[in-house]
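Each chain is listed here by its residues.
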Amino acid sequence: MAYLATPTATTEVIKKHGFNFQKKFGQNFLIDANILEKIVDSAKVTKDDCVIEIGPGIGTMTQYLAERAREVAAVEIDKNLIPILKETLSEYDNVTIINEDILKVDINRLAEEKNGGRPIKVVANLPYYITTPIIMGLFESHVPLSSITIMVQKEVADRMQVGPGTKDYGALSLAVQYYARPEIVVNVPPACFMPRPNVGSAVIRLTRFEKPPVKVDDEKKMFSIIRSAFNQRRKTLANALANGFCHVDKDGKAVHVSRQEVCEVLNQMGISETIRGEALTLEQFALLSNLLKA
Ligand code: SAM
């Protein structure tokens, strides 16, 4: 089977199988071999690696991954793509095609089955409508992984990289930067896809930290604080937490905080009581979480 990463080869496969693109699944297939090479190169895939690909489409990137990796597990939601993948990937005996919704797959179990629980690599041209839940799910469920190399909407890639004081800074930036080092690999224009998306895209590599850059006593609590702070980002942090913060503690009890308690901790940290959450760094959120009694 020839490589699929050209407009002609992709059109041929699609016509042959009478395939119709489904917008609801975010189907924009890559048709640019240079970009594919860049993705696989930057993921640093070697013959030791087990790769999980999310949304293989017709198998365009899977071909490259299969040639470089020891083993590839490709999870595709659209059942109409399964017979196509079986054909386009028939030459490779190291690819498992899984017809599932990635959000319902137990990736920890998959990593255990395929790689004995050693760190896997995730490589994907993601369906944009579920970028955040996929990334958060991978990190928060502590799937053993060394890196995630993914194509996402350009704006989302930017959001993962920025710090306080920018409008794009938010819960996603902090979560990504707590777990990994983000680096944009390449910007990708709409013309590299079939059909063309309405937005620009970027490939970003998230290299998982062995140890998070800040010390947090209770990760879940810190992320509840972060979410409450950004859910009401125009409010002061003290008001946002007094109104919106709810944390379920280790004994299953729902805990709230008062404005007064938050202000006391902010004073202790040498931060103004009128500060908004969007001005706090990851280190400051970590300290706030450790100091708040809740
Ligand atoms: N990897 C292919 C490529 O680069 O040409 C296709 C990328 S396309 C942007 C996204 C793919 O993810 C589609 O094949 C789509 O059907 C699949 N997909 C969408 N939602 C999914 C989900 N929840 N679980 C698994 N795959 C999904």
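One can find the structure itself at the top, above this paragraph.
First, a word on what this report is: a plain description of the structure on this page.

So, how was this worked out
Residues numbered from 1 in each chain as written. Predicted model: local features only at pLDDT ≥ 70, side-chain atom pairs only at ≥ 80, totals over all residues. Heavy atoms only, no water. 1 Å grid on protein atoms, 1.4 Å probe; cavity = no way out; pocket = protein on both sides within 12 Å on 5 of 7 lines; lining within 4 Å. Points joined across faces, edges and corners; volume = space filled by probe spheres on them. Helix = DSSP H or I, 4+ residues; strand = E, 2+ residues; numbered from the N terminus. Nonpolar A, V, L, I, M, F, W, Y, C, P; charged D, E, K, R; others polar. Axes fitted to C-alpha atoms, helices over the stretch in contact; angles between N-to-C directions. Parallel < 35°, antiparallel > 145°, perpendicular 65-115°, else oblique. Left-handed = near helix turned anticlockwise from the far one by under 90°. Contact = heavy atoms within 4.5 Å. Core = buried A, V, L, I, M, F, W, Y, C linked by side-chain atoms within 4.5 Å. Buried < 20%, exposed > 50% of the residue type's maximum accessible area, 1.4 Å probe, protein only. Pairing = 2+ DSSP bridges. Right-handed = clockwise from strand over helix to strand, strands pointing away. Arc of directions from axis to C-beta.

1. Observations regarding empty space enclosed by the protein
Which parts of space are left empty comes out when a probe the size of a water molecule is rolled across the atoms.
Moving on, step 1. Tallied over the full model, the rule gives 1 cavity of 30 Å³ or more.
Moving on, step 2. Its volume calculated, the largest cavity comes out at about 320 Å³.
Moving on, step 3. Surrounding the largest cavity, 25 residues form its lining, Gly55, Pro56, Gly57, Glu76 and Asn125 being those nearest its centre.
Moving on, step 4. Those elements giving two or more residues to the lining of the largest cavity turn out to be strand 1 (29-30), strand 2 (50-54), helix 3 (60-68) and strand 3 (71-76).
Moving on, step 5. When the residues that make up the lining of the largest cavity are grouped by side-chain class, the tally is 14 nonpolar, 7 polar and 4 charged.

2. A closer look at the packing of helix 2 (residues 33-42) against helix 3
Moving on, step 1. Here helix 2 crosses helix 3 at 45 degrees, and the two axes come no closer than 10 Å. The orientation of helix 2 relative to helix 3 falls into the category oblique. The element helix 2 and its partner helix 3 pack so that their crossing is right-handed. Counted together, Ala33, Leu36, Glu37, Ile39, Val40 and Asp41 of helix 2 and Thr60, Met61, Tyr64, Leu65 and Arg68 of helix 3 form the full contact between these two elements.
Moving on, step 2. For the contact of helix 2 with helix 3, the per-class residue count stands at 7 nonpolar, 1 polar and 3 charged.

3. So, the nonpolar core
Moving on, step 1. Residues Leu206, Phe285 and Leu288 are the most contacted members of the largest nonpolar core, which totals 67 residues.
Moving on, step 2. Ile35, Ala43, Val51 and Val188 belong to the second-largest nonpolar core, a separate cluster that totals 37 residues.

4. A closer look at unusual backbone geometry
The general pattern is negative phi for most residues beyond glycine and trans for most peptide bonds.
Moving on, step 1. Here the amide bond leading from Met194 into Pro195 is cis, since omega sits at -15 degrees, within 30 degrees of zero.
Moving on, step 2. In this structure, Pro195 sits in the loop between strand 8 (193-194) and strand 9 (201-208).
Moving on, step 3. With phi around 50 degrees, Lys44 is a residue other than glycine that occupies positive phi space.
Moving on, step 4. Looking at where Lys44 falls in the secondary structure, it is placed in the loop between helix 2 and strand 2.
Moving on, step 5. For His142, which is not glycine, the phi torsion reads 55 degrees and is therefore positive.
Moving on, step 6. Checked against the element boundaries, His142 lands in the loop between helix 6 (131-140) and strand 6 (145-153).
Moving on, step 7. Using a relative accessible area of 41% as the deciding quantity, one classes His142 as partly exposed.

5. Notes on the packing of helix 8 (residues 171-179) against helix 9 (residues 219-231)
Moving on, step 1. Put simply, helix 8 and helix 9 touch, their axes get as near as 9 Å, and they point 155 degrees apart. With respect to helix 9, the axis of helix 8 lies roughly antiparallel. Here helix 8 runs over helix 9; the crossing is right-handed. Contacts from Ala171, Leu174, Ala175, Tyr178 and Tyr179 of helix 8 reach helix 9 at Glu219, Met222, Phe223, Ile226 and Phe230.
Moving on, step 2. Tallied by class, the residues present in the contact of helix 8 with helix 9 amount to 9 nonpolar, no polar and 1 charged.

6. Comments concerning the pairing of strand 3
Moving on, step 1. Counting buried positions along strand 3 yields 6 of 6 residues, so the element is predominantly enclosed.
Moving on, step 2. Of the two faces of strand 3, the one lined by Glu71, Ala73 and Val75 and the one lined by Val72, Ala74 and Glu76 are each fully buried.
Moving on, step 3. Sheet topology places strand 2 next to strand 3; 5 bridges connect them, and they run parallel. Within strand 3, the position partnered with Ile54 by the bridge is Val75.
Moving on, step 4. Each parallel crossover has a hand, and the one from strand 2 via helix 3 to strand 3 is right-handed.
Moving on, step 5. As paired elements, strand 3 and strand 4 (residues 95-99) share 5 bridges and run parallel to each other. Among the inter-strand pairings, Ala73 is bridged to a residue of strand 4, identified as Thr96.
Moving on, step 6. In this region the chain leaves strand 3, passes through helix 4 (residues 82-88) and returns to the parallel neighbour strand 4; the handedness of that crossover is right-handed.

7. Concerning the layout of surface pockets
Moving on, step 1. A volume near 350 Å³ is recorded for the largest pocket.
Moving on, step 2. Around the largest pocket sit 19 residues that line it, and Lys23, Gly26, Gln27, Asn28 and Pro197 are the ones nearest its centre.
Moving on, step 3. A breakdown of the residues in the lining of the largest pocket according to their chemical character gives 9 nonpolar, 7 polar and 3 charged.

8. Let's talk about helix 7 (residues 154-161)
Moving on, step 1. Listed as buried for helix 7 are Val156, Ala157 and Met160. All buried residues of helix 7 lie within an arc of 105 degrees about the axis, which places them on one face of the element.

9. With respect to the environment of Asp249
Moving on, step 1. Inspection of the secondary structure puts Asp249 in the loop between strand 10 (247-248) and strand 11 (254-255).
Moving on, step 2. Under the relative-accessibility criterion, Asp249 is labelled partly exposed at 22%.

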